Amino acid sequence: MNIHFFCCFFLSLSSFHVSLATRQRINPFSPKASLIRYWNTRLTNTVPIPHFLLAKASPLTPQHYAILNKLLNEKPIPYIPKLHQSLCSSPNLFCSFEDASNTHTLQRKNDDSNFAVYNNKHFANYGSSKVDGVDSFKNYSNGLNANNDAFRRYSESSTRRAEQFKNYADNGNVANTNFSSYGSAAAQSSSDFNNYDKTVNVPNLGFTTYDSGSSNHKLSFASYGNETNSGSQSFSSYGKRVIGGTSEFTNYASDANILQSHFNNYGDFSAGAVNDSFKSYSFNGNNPRNDFKTYGAGSRGSAAENFISYRNRANVGDDSFQSYAARSKSGTATFANYGMSFNVGNDSFAEYGKGATGKSSFGFKSYGLGRAFKVYNKDGASFSGYRNFSATSGRVVNKRVEPGKFFRESMMKEGNVILMPDIKDKMPARSFLPLAIASKLPFSSARIDEMRELFNAREGSSTERVIVNALGECEREPSRGETKRCVASAEEMIEFAASVMGPSVVVRTTENLNGSGSSVMIGKVYPVDGGKVTKSVSCHQSLYPYLLYYCHSVPEVRVYEADILNVETKEKMNDGVAICHIDTSAWGPEHGAFLALGSGPGKIEVCHWIFENDMTWTT
């Protein structure tokens, strides 16, 4: 039985590795040949380098490789423009994440439009002064590496006109989307944003002079900026001097990672029955950073602002409300479920309701610990339920967590049908740089100016944000018991894995995307190292111009390979790799695994598949 298992496992493993004939066809002076030699000399086992790792090596020609090396060895190093030009002309690099709007011709369009599949267009004076009609955008700029959309003077002075944005910039990588002068002076119109900028990696969204001076204009944002990673959104002069109307934000920035939201001059000097509603704002976010300045200042009439479930279950973060509802007349500002985060962040309220008159009222319910108020209206403010958040225990189910993303170890049995989540890699295709190149390029906060120069990243640009986010991830302090390193070459990854676990290591990943996002059947299961509890090194991609991985040690795991079968035909369609974390005691109580499976830290093991282009190293 043991001999049969070993033979089957070795055959399964060997299918991932590079044949001798393939290696013989590789130019001996190329980065790929250099990587093969490094693998063979650094590691002591006899397993050849797997094809999926070798495929990530730089496709540089020996000539280009030599030119880059020569440039980097010159003193002083000629960073600009020669090095930038030579580096960024290398194959499989993604050097710029910028808005290319200046390379497109702005279009003018006034007729009723139905956009079903549309990408990267720039509109000037769109739908101005139109009466009645509907503009519908469906599947707009979805799934792109870089979205660059601009709407200028959109629906200005329109009457009884409806705009619908569905699946806008969804599932992209870097989204540069700007609305300037949106709906200004519009009357009796409505705008609906559904699935706006969802699951984008680096969002960069701007709404300027939005809905200013409008009358009875209804705005609705559902699923806005959800599940995004490391980006920013800004609203300037939003709803300023409006008369009547409604603004609704539902599921705003939920499950987002390090998202910055800026609201400036929001709802200032509004009048009449204006209603702003934020529901599920920054829910379950990681390190959200929200900035509200001059919010609802000088509003009058029956204007109302409501925040429901604000920052609930968020992890740390930094929120600032300045001049909130100051000098308002006869309005209300209500916070329910504010800041009930399981890890306290920084929140400050300055001039909350300062100078408000009439029947203005301000209320907080279920307000978290560790907040600061400066200069607030003590006559009209009501605080109830001011306390620290205590995480719930027992079974907590969150339908937002993608089904199949986490599962129990008992599911790794032949014949079980299990839902596989979407394991597709959403980042742009890039390659590693050779070790000799990567080791000489600047990569630290102390050298941020050189890094900006190297990639022509102007201040405030998307490329700068990509650089800063990568540095933040790589330079943060390791978690308790964690060993981590960011690697820009395959050689560095091999070295790190060997330094953690010794020179006899093997790397695995799920072979392909077959079965992703659907129900699959588990075929033969091959426990790595006989199913013993071991440690591993997991490596995940980071967004950067060249291929960059964040690798870290993962203690107390069991790793499995499994045949993935078609549920109907029972035919094998994939080789899956899954990792089960046995010790979850250090995980937060609001971790998505516990929300999906129930229980809590240290009470259950949690398993997940190794996604496309992720890797796990074991002995």
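Owing to the predicted nature of the structure, the values given are computational and were not obtained by experimental measurement. (Residues numbered from 1 in each chain as written. Predicted model: local features only at pLDDT ≥ 70, side-chain atom pairs only at ≥ 80, totals over all residues. Heavy atoms only, no water.)

Turning next to the packing of aromatic side chains. For any pair of aromatic rings, the description rests on two quantities: the centre-to-centre distance and the angle between the ring planes. Summed over all chains, the structure comprises eight aromatic pairs. Between the aromatic rings of Phe-443 and Tyr-544, the centroid separation amounts to 5.3 Å while the plane-to-plane angle is 80 degrees, which identifies the pairing as edge-to-face. Of the two residues, Phe-443 is situated in the loop between helix H7 (435-438) and helix H8 (448-454) and Tyr-544 in the loop between strand S27 (534-542) and strand S28 (548-565); the sequence distance between them amounts to 101 residues. On the basis of relative accessibility, which here comes to 26%, the residue Phe-443 falls in the partly exposed class. Between Trp-587 and Phe-594, the aromatic rings sit 6.1 Å apart at their centres with planes inclined by 45 degrees, giving tilted as the arrangement. Taken together, Phe-443, Phe-455, Tyr-544 and Tyr-546 form an aromatic cluster joined through their ring pairs. (Phe/Tyr/Trp six-rings, centres within 6.5 Å; stacked < 30°, edge-to-face > 60°. Helix = DSSP H or I, 4+ residues; strand = E, 2+ residues; numbered from the N terminus. Buried < 20%, exposed > 50% of the residue type's maximum accessible area, 1.4 Å probe, protein only.)

Considering all chains together, one arrives at four disulfides under this definition. Between the sulfur of Cys-88 and that of Cys-95 lies a disulfide, 2.1 Å long from S to S. Judged by the sign of its S-S torsion, about -90 degrees, the cystine formed by Cys-88 and Cys-95 is left-handed. With a relative accessible area of 23%, Cys-88 lands in the partly exposed category. (Disulfide = S-S within 2.5 Å.)

Another aspect to go through is the packing of helix H3 (residues 31-42) against helix H10 (residues 490-501). Two elements in contact, H3 and H10, have axes whose closest approach is 10 Å; the angle formed by their N-to-C orientations is 10 degrees. Relative to H10, H3 is oriented roughly parallel. H10 is crossed by H3, and the crossing has right-handed handedness. Contacts between H3 and H10 involve Ser-34, Leu-35, Tyr-38, Trp-39 and Arg-42 from the former and Ala-490, Glu-491, Ile-494, Glu-495, Ala-498 and Ser-499 from the latter. Here the residues of the contact of H3 with H10 are counted per class, giving six nonpolar, two polar and three charged. (Axes fitted to C-alpha atoms, helices over the stretch in contact; angles between N-to-C directions. Parallel < 35°, antiparallel > 145°, perpendicular 65-115°, else oblique. Left-handed = near helix turned anticlockwise from the far one by under 90°. Contact = heavy atoms within 4.5 Å. Nonpolar A, V, L, I, M, F, W, Y, C, P; charged D, E, K, R; others polar.)

So, on to the side chain of Asn-45. When you line up the elements, Asn-45 lands in the loop between H3 and helix H4 (51-54). The exposure class of Asn-45 is buried, given its relative accessible area of 19%. Reaching out from Asn-45, the side chain makes a polar contact with the backbone nitrogen of Val-47 at a distance of 3.2 Å. Polar contacts involving the side chain of Asn-45 include one to the main-chain carbonyl oxygen of Val-505, which spans 2.8 Å. (Polar contact = N/O pair within 3.5 Å; in protein donor to acceptor, adjacent residues only side chain to side chain.)

On to the environment of Phe-52, then. Counting through the fold element by element, Phe-52 comes out in helix H4. Since its relative accessible area comes to 10%, Phe-52 is described here as buried.

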